[in-house]
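Now for the letters of each chain:
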Amino acid sequence: MKIRPVEDLDLQDIAGIDEAISGSYRPETWEKRIMYYIRRDPEVSQVAEIDGKVVGFMLGEVRGGEFGLEEPTGWVEVLGVDPDCRGRSVGRRLAEEMWSRFRARGATTVRTLVDEEMPGIAKFFDALGFEPAAVTSLVLRLDD
Ligand SMILES: CC(C)(COP(=O)(O)OP(=O)(O)OC[C@H]1O[C@@H](n2cnc3c(N)ncnc32)[C@H](O)[C@@H]1OP(=O)(O)O)[C@@H](O)C(=O)NCCC(=O)NCCS
């Protein structure tokens, strides 16, 4: 398995993994998303390759000062592993590489948000050592 920074050419493989997870094929959405992260920092967001095919991705960036959280923070914002390749440490390897890139950018903390309706993701972050943070997620729906 090879872990390396995401590139624009990974679009098809990433859109394919998303399709396998979500059931929707959304190449335009992924093109915008991937370009956003590459522009923000071409080294931080990572993919995992097996036999030349991307089987997992983890996208994020280092920010500081948001939400009253002053410390430079590495945010994990989007991740996915091909359902056929799960349970083989692809996610863990992506995370380890990303933490080292976050550290190199001065981050002292890694944060993410997890939807409580996706318990598998919560268990994954738990296995990586994440703990609940004293931050409340709030939402306001803007009706048309
Ligand atoms: C969460 C996810 C990234 C895990 O990927 P993975 O490659 O299977 O994870 P790993 O094999 O690296 O597992 C790392 C650890 O997490 C644990 N883990 C991973 N998924 C788990 C699950 N569903 N339930 C319990 N534990 C889990 C593993 O047991 C492992 O623990 P260990 O190292 O202590 O043995 C993957 O299941 C996934 O892509 N889920 C869907 C994500 C999604 O919906 N994305 C779209 C919204 S952003």
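Just above, that's the structure.
Please read these numbers as outputs of a predicted model, since none were measured by experiment. (Residues numbered from 1 in each chain as written. Predicted model: local features only at pLDDT ≥ 70, side-chain atom pairs only at ≥ 80, totals over all residues.)

The strand order across the open sheet formed by five strands is β1-β2-β3-β4-β5, and the pairing between neighbours is mixed. The sheet terminates laterally at β1 (2-5) and β5 (109-111), the two strands that pair on one side only. Across this sheet, the average inter-strand angle for adjacent strands is 30°, counted without regard to direction. As paired strands, β1 and strand β2 (residues 46-50) are joined by four bridges and run antiparallel to one another. Residue pairing for β2: I3 is matched across the bridge by A48. Across the face of the sheet, helix α1 (residues 11-22) comes into contact with β3 (53-63) and β4 (73-81) while running at roughly 95° to β3. (Pairing = 2+ DSSP bridges. Helix = DSSP H or I, 4+ residues; strand = E, 2+ residues; numbered from the N terminus. Axes fitted to C-alpha atoms, helices over the stretch in contact; angles between N-to-C directions. Contact = placed C-beta atoms within 7 Å.)

Moving on: the nonpolar core. In this structure, V6, I14, F57, M58, L94, M98 and F102 are the most contacted members of the largest nonpolar core, which totals 26 residues. Residue assignment for this core shows that the elements contributing at least two residues are α1, α2 (27-40), β2, β3, β4 and α3 (90-104). Ranked by residue count, the leading element in this core is β3, at six residues. (Core = buried A, V, L, I, M, F, W, Y, C linked by C-beta atoms within 7 Å. Buried ≥ 20, exposed ≤ 12 C-beta atoms within 10 Å, placed from the backbone.)

Every one of the 18 residues lining the ligand counts as a neighbour, but R86, G91, G120, K123 and A127 are closest to it. Ranked by residues supplied to the shell around the ligand, first place goes to helix α4 (residues 119-127) with five residues. Residue composition of the shell around the ligand, grouped by class: nine nonpolar, five polar and four charged. (Near = placed C-beta within 6 Å. Nonpolar A, V, L, I, M, F, W, Y, C, P; charged D, E, K, R; others polar.)

What follows concerns α2. The terminal C-alpha atoms of α2 lie 20 Å apart, and with 14 residues this matches the ideal 20 Å at 1.5 Å per residue to within 8%. For α2, the complete set of buried residues consists of W30, R33, I34 and Y37. Down the axis of α2, the buried set is contained in an arc of 95°. They therefore lie on one face. Across α2 from its buried face, at more than 90 degrees, point the exposed residues E28, K32, M35 and R39. Its buried side turned inward, α2 meets α1, β3 and β4. (Expected span 1.5 Å × (residues − 1). Arc of directions from axis to C-beta.)

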